[in-house]
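# Commentary on secondary and tertiary structure
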Amino acid sequence: MTPAVQPDPGQSERSDHSIAIWGAPGSGKTTFLAALNIALILKKGPWRVIGADGPSTDFLIEMTTALSQYQRFPPATGALGHYRWFLSRRSEPPRRSWRRRRKPPRAWKIGLDVLDAPGGFFRAERTGYGTDREELIDNLAASRGIVFLFDPIRESKDGDAFAYLHGVLAELAGRMLADDEFGDGMLPHYLAVCVTKFDELRVLETAEKLSLLTPDPDDPYRFPRVDDADAEELFEALSAVSAGGNADMVLPALKQFFRPERIKFFVTSSIGFYLDPLRGVFDPDDFQNLVPEATGTAGGAQNPHDPHGPRAVSGNRFRIRGQAHPINVMEPMLWLGQRLSSGDGDAGKAGG
Ligand SMILES: Nc1nc2c(ncn2[C@@H]2O[C@H](COP(=O)(O)OP(=O)(O)OP(=O)(O)O)[C@@H](O)[C@H]2O)c(=O)[nH]1
Ligand SMILES: [Mg+2]
């Protein structure tokens, strides 16, 4: 098996790992992908995302432009999107030492095949062979990493996270576990369970009430955060507030099929909090970065050259007020990429 994290030879175009994004319609899947590039740029760390083919690079450029320049969300996804990217770690400049010149560390890269489906494909009903749904299940079965998005705002209104989970989960388990290929009867995937839209007042308030907000000492903007170790607790608290009344089945259903040691929780926001450019730090009295379309402050909506203008017509009633400051968007992707890269993606496979 080819090692998944390789010294960057600057040659290989193949992406080794397939990661699927799973979530109800409007839970923020495409925006999450769109924010990845911005998250990596703002982090000023060593990781970069690079398209491995033309359409994948086009998606990166288009989405980064939409979010950062026009402060617009992507349109609802209409068809299965398949993007081939690399997370590539820049090599640091060699540090001089008085003893001897150190060798520069090598650059690394993690291949990502990312699958973005319209949320409707995850509906509970089976729809037969040769359909979009069949293709979705095929792709999930081929992937080894899943980003599962749980949107607490949608859940409190529509209460359908479980409805968009259990049917696909049953089909996936039926497909992958029926013939005992995986020794322990569990799905082999790594699962990043992400609570989305942390920037929304209700989510932030819930975290605050539970005393789960922790400042990040390395963050110059002092944005609130929830530690990954506390993210499951917030997930559970938010899933208790469900219009459908069955969001509390989401986690037990996931744990029935995915190995607990392969599940990690994150509290995320693709757009993050608003930052007043003059204050330069998080303002607890003015942090909302999601605004109704008509009241946006930046010039994108009025720009006649804005290629994303029609989205307002296609039903997207919100836009981003200022710069997006993604929270925990890079981290789940890196976690999945690194877990898959450790080469044990198929560790549970019988005989392998
Ligand atoms: N507050 C907040 N809203 C968000 C965020 N990300 C997305 N949204 C809102 O959620 C809407 C849907 O986001 P999408 O990324 O299109 O969701 P999706 O899951 O890809 O939807 P489908 O493609 O229809 O399945 C956006 O138009 C925004 O209004 C976020 O980080 N914070
Ligand atoms: Mg989408």
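Residues numbered from 1 in each chain as written. Chains lettered and ligands numbered in written order. Predicted model: local features only at pLDDT ≥ 70, side-chain atom pairs only at ≥ 80, totals over all residues. Heavy atoms only, no water.

## Considerations on the overall build of the protein
Looking only at helices and strands, the protein has nine helices and twelve strands in total. Across the 352 residues that make up the protein, the buried fraction comes to 51%. Partitioning the contacts of the protein with sequence separation of at least 6, the portion at a separation of at least 24 is 81%. A total of about 16,500 Å² of accessible surface is found on the protein, and carbon and sulfur atoms cover 52% of it. (Helix = DSSP H or I, 4+ residues; strand = E, 2+ residues; numbered from the N terminus. Buried < 20%, exposed > 50% of the residue type's maximum accessible area, 1.4 Å probe, protein only. Contact = heavy atoms within 4.5 Å. Areas by Shrake-Rupley, 256 points an atom, 1.4 Å probe, with all protein chains shown as cover.)

## Structural notes on the site of ligand 1
Every one of the 23 residues lining ligand 1 counts as a neighbour, but K29, T31, T77, G119 and D199 are closest to it. A distance of 3.0 Å separates an oxygen atom of ligand 1 from a polar atom in the backbone of G28. One nitrogen or oxygen atom from the main chain of T77 is found 2.8 Å from an oxygen atom belonging to ligand 1. For ligand 1, whose accessible area on its own is 650 Å², the fraction buried by protein is 91%. It is helix 1 (residues 29-43) that contributes the most residues to the shell around ligand 1, three residues altogether. (Near = heavy atom within 4 Å. Polar contact = N/O pair within 3.5 Å; in protein donor to acceptor, adjacent residues only side chain to side chain.)

## Details of the packing of aromatic side chains
For the structure on display, the rule yields 16 aromatic pairs. Residues W22 and F148 carry aromatic rings whose centres are separated by 6.1 Å and whose planes lie at 70° to one another, so their mutual orientation is edge-to-face. In this pair, W22 sits in strand 2 (residues 18-22) while F148 sits in strand 6 (residues 145-150), placing the two residues 126 residues apart along the sequence. Owing to a relative accessible area of 2%, F148 belongs among the buried residues under this scheme. When the ring of F273 is compared with that of F282, the centres are 5.2 Å apart and the planes differ by 75°; the resulting orientation is edge-to-face. (Phe/Tyr/Trp six-rings, centres within 6.5 Å; stacked < 30°, edge-to-face > 60°.)

## Some details on the pairing of strand 10 (residues 263-267)
In terms of burial, strand 10 is largely enclosed, as four of its five residues are buried. When strand 7 (residues 190-195) meets strand 10, the two strands line up parallel, connected through five bridges. Each residue of the ladder has a partner; that of C194, found in strand 10, is F266. (Pairing = 2+ DSSP bridges.)

## Details of the layout of surface pockets
Within this model, the second largest pocket holds a volume of roughly 450 Å³. L42, K43, D219, Y221 and P326 are the residues nearest the centre of the second largest pocket, which is lined by 18 residues in total. For the lining of the second largest pocket, the secondary structure elements donating two or more residues are helix 1 and helix 9 (330-341). Top element by residues in the lining of the second largest pocket is helix 1. It accounts for three residues. In the lining of the second largest pocket, the residues fall into nine nonpolar, two polar and seven charged. (1 Å grid on protein atoms, 1.4 Å probe; cavity = no way out; pocket = protein on both sides within 12 Å on 5 of 7 lines; lining within 4 Å. Points joined across faces, edges and corners; volume = space filled by probe spheres on them. Nonpolar A, V, L, I, M, F, W, Y, C, P; charged D, E, K, R; others polar.)

## Quick look at helix 6 (residues 201-209)
Considered for burial, the residues of helix 6 that qualify are V203, L204 and A207. Seen from one end, helix 6 has its buried residues packed into an arc of 95°, which puts them on one side. For helix 6, exposure combined with an orientation more than 90 degrees from the buried face picks out E208 and K209. For helix 6, the elements touching its buried residues are helix 4 (152-157), strand 7, strand 8 (213-215), strand 9 (224-226) and helix 7 (228-239). Once helix 6 finishes, S211 follows within two positions and takes phi at roughly 55°, a positive value. (Arc of directions from axis to C-beta.)

## What to know about the packing of helix 3 (residues 132-142) against helix 5 (residues 163-177)
Relative orientation of the contacting elements helix 3 and helix 5 amounts to 60°, with a least axis distance of 10 Å. The orientation of helix 3 relative to helix 5 falls into the category oblique. The handedness of the crossing between helix 3 and helix 5 comes out as right-handed. Counted together, R133, E134, L136, I137, D138, L140 and A141 of helix 3 and G167, V168, E171, L172, R175 and M176 of helix 5 form the full contact between these two elements. Residues that form the contact of helix 3 with helix 5 fall into these classes: seven nonpolar, one polar and five charged. (Axes fitted to C-alpha atoms, helices over the stretch in contact; angles between N-to-C directions. Parallel < 35°, antiparallel > 145°, perpendicular 65-115°, else oblique. Left-handed = near helix turned anticlockwise from the far one by under 90°.)

## Regarding the coordination of the magnesium ion (ligand 2)
The magnesium ion (ligand 2) binds to the protein through T30 (OG1) and T77 (OG1), with metal-donor distances spanning 2.0 Å. Of the two residues, T30 is situated in helix 1 and T77 in the loop between helix 2 (54-68) and strand 4 (81-89); the sequence distance between them amounts to 47 residues. The exposure class of T30 is buried, given its relative accessible area of 10%. (Donors = N, O, S within 2.8 Å, 3.2 Å for Na, K, Ca; no water.)

## Details of helix 1
With 15 residues, helix 1 extends 21 Å between its outermost C-alpha atoms, agreeing within 8% with the 21 Å of an ideal straight helix rising 1.5 Å per residue. Of all the bends in helix 1, the greatest measures close to 35° and is centred on A35. Of all the 15 residues making up helix 1, twelve are buried; the element is thus mostly covered by neighbouring parts of the structure. Looking one or two residues past helix 1, K44 carries a phi angle of roughly 55°, positive in sign. (Expected span 1.5 Å × (residues − 1). Bend = angle between axes of the 7 residues up to and from the residue.)

These values are about where atoms sit, not about what they do.
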